[in-house]
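Structural characterization, general
Given next are the chains, with one letter for each unit.
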Amino acid sequence: MFELSWKEIATVGMVLFAVIDILGSIPIIVDLRTKVGHIQSEKATIVAMFIMILFLFVGEEMLNIIGIDVNSFAVAGSFVLFFLALEMILGIRLYKDEEESKTASIVPIAFPLIAGAGTMTTLLSLKSQYHTINIIIAILLNMVVVYLVLKSSSKIEEMLGKSGLGVIRKVFGVVLLAIAVKLFGANVKGLFV
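Keep in mind that this is a model prediction, so the values were computed, not measured. (Residues numbered from 1 in each chain as written. Predicted model: local features only at pLDDT ≥ 70, side-chain atom pairs only at ≥ 80, totals over all residues. Heavy atoms only, no water.)

Structural notes on the overall build of the protein
Quick note on the threshold: Here a helix means four or more residues in a row that DSSP labels H or I, a strand means two or more in a row labelled E, and each is numbered from the N terminus. Between the two quantities, the radius of gyration covers C-alpha atoms and the globule rule is 2.2 Å times the number of residues to the power 0.38. Accessibility here uses a 1.4 Å probe with only protein chains present; expressed as a share of the type maximum, an area under 20% marks a residue as buried, one over 50% as exposed, and anything in between as partly exposed. Any pair of residues with heavy atoms lying within 4.5 Å of one another is described as a contacting pair. By the counting scheme adopted, Arg and Lys are positive, Glu and Asp are negative, and His together with the chain ends is not counted. For the purpose of locating charges, the reference atoms are NZ of Lys, CZ of Arg, CG of Asp and CD of Glu.
Counting its secondary structure elements, the protein contains eight helices and zero strands. Helices and strands in the protein line up, N terminus first, as α-α-α-α-α-α-α-α. Radius of gyration (C-alpha) of the protein: 16 Å, near the 16 Å computed for a compact globule of 193 residues. Taking all 193 residues of the protein together, the buried fraction comes to 41%. For the protein, long-range pairs separated by at least 24 residues make up 90% of all intrachain contacts whose partners lie at least 6 apart in sequence. Where the 15 positive side-chain charges of the protein centre and where its 15 negative ones centre are 5 Å apart.

Brief notes about the packing of aromatic side chains
Let me state the cut-off plainly: Two rings from Phe, Tyr or Trp (for Trp, the six-membered ring) form a pair when their centres are within 6.5 Å of each other. A pair whose planes differ by under 30 degrees is stacked, one over 60 is edge-to-face, and the rest are tilted.
One pass over the full model with this rule turns up three aromatic pairs. Ring plane angle 70 degrees and centroid distance 5.6 Å describe the contact between Phe79 and Phe184, whose orientation is recorded as edge-to-face. Here Phe79 is found in helix H4 (residues 70-90), whereas its partner Phe184 is found in helix H8 (residues 153-191), with 105 residues between them in sequence. Look at Phe82 and Phe83: their rings are 5.5 Å apart centre to centre, the planes differ by 80 degrees, and that puts the pair in the edge-to-face class.

Focus: the pattern of salt bridges
Going by this rule: Salt bridges are counted wherever a side-chain nitrogen of Lys or Arg sits within 4 Å of a carboxyl oxygen of Asp or Glu.
A full pass over the atoms with the stated rule returns three salt bridges. Linking Lys127 and Glu60 is a salt bridge whose minimum nitrogen-to-oxygen distance equals 3.7 Å. Taken as a pair, Lys127 in helix H6 (residues 117-127) and Glu60 in helix H3 (residues 41-66) lie far apart in primary sequence, 67 residues in all. Taking relative accessible area as the criterion, Glu60 reaches 25% and is therefore assigned partly exposed.

Topic: the packing of helix H1 (residues 6-20) against helix H7 (residues 132-151)
Short version of the rule: To get an axis, fit a line to the C-alpha atoms, keeping to the stretch in contact for a helix; angles then go from 0 to 180 degrees between the N-to-C directions. Note on terminology: angles under 35 degrees are roughly parallel, angles over 145 are roughly antiparallel, angles of 65 to 115 are roughly perpendicular, and the others are oblique. By definition, turning the near helix anticlockwise from the far helix through less than a right angle yields a left-handed crossing, and turning it clockwise yields a right-handed one.
For the pair H1 and H7, the least separation of the axes is 8 Å and the interaxial angle reads 45 degrees. As judged from the angle between their axes, H1 and H7 are oblique. Both H1 and H7 take part in a crossing whose hand is right-handed. Of the residues in H7, those touching H1 at Glu8, Ile9, Val12, Gly13, Leu16, Phe17 and Ile20 are Asn134, Ile135, Ile137, Ala138, Ile139, Leu141, Asn142, Met143, Val145 and Val146.

Describing the environment of Ile51
When you line up the elements, Ile51 lands in helix H3. Residues Ile51 and Ala115 lie 64 residues apart in sequence; the distance between their C-alpha atoms is 6.7 Å. Ile51 has contacts with Phe111, Ala115 and Met120, leaving out every residue within four places of it along the chain.

Overview of the nonpolar core
As a reminder, the rule being used: Among the buried residues, those of types Ala, Val, Leu, Ile, Met, Phe, Trp, Tyr and Cys that are joined through side-chain atoms within 4.5 Å form a nonpolar core.
With 49 residues, the main nonpolar core has Leu16 and Ile114 as its most contacted residues. Residue assignment for this core shows that the elements contributing at least two residues are H1, helix H2 (26-36), H3, H4, helix H5 (105-114), H6, H7 and H8. It is H7 that contributes the most residues to this core, eight residues altogether. Apart from residues lying up to four places away in sequence, Ile114 is in contact with Ile20, Ile22, Ala48, Ile109, Thr119, Met143, Val146 and Leu150.

Looking at H8
One turn of an α-helix holds 3.6 residues; hence residues three or four places apart share an orientation. Put simply, the test is: Multiplying 1.5 Å by the helix residue count minus one yields the expected span of that helix. The angle separating two fitted axes, one through the seven residues that finish at a residue and one through the seven that start at it, defines the bend at that residue.
In this model H8 runs just 42 Å from its N-terminal to its C-terminal C-alpha over 39 residues, more than 12% under the 57 Å that 1.5 Å per residue would give. In the structure, H8 departs most strongly from a straight axis at Gly161, where the bend amounts to approximately 90 degrees.

In structure tokens, the structure reads:
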């Protein structure tokens, strides 16, 4: 059903912005740029957007094949969001990617930095509560922000400084923590109905 809602777009957009955490990833992006040289911002953005929209549509079918319902996945997703939020707030790394790539545009920027496990989990969790059209618009808006940040990451880092980026990361961590609790509460009821 086609139900356009600016409130839903804003909510989903904020959730995805917090999960993708592109501003918090600026130090990683700058480090990758020094290691591998030029990063193709357009390519990374388009690939990440394609992965996210594809997963939004086929993710639920993939779960059905495995025998997992959306509520269970959303509850599991709320735990992933909870731990991502803890990482952001406490400044610790619970997940460490041990593979090092020679190219940075697709791996690790498009996947898993932008469209990673947390983003995929979040998309299916959001799909259980919001209309698909609003999620797609929120994805597109986030990809515009991602593209702009990728294009101007070194300028943003200079402007905000390490402490400014740290504050932004912690604020979005608290927002993400609240969203994780809300997702858990909304979907855990569905498991026992």
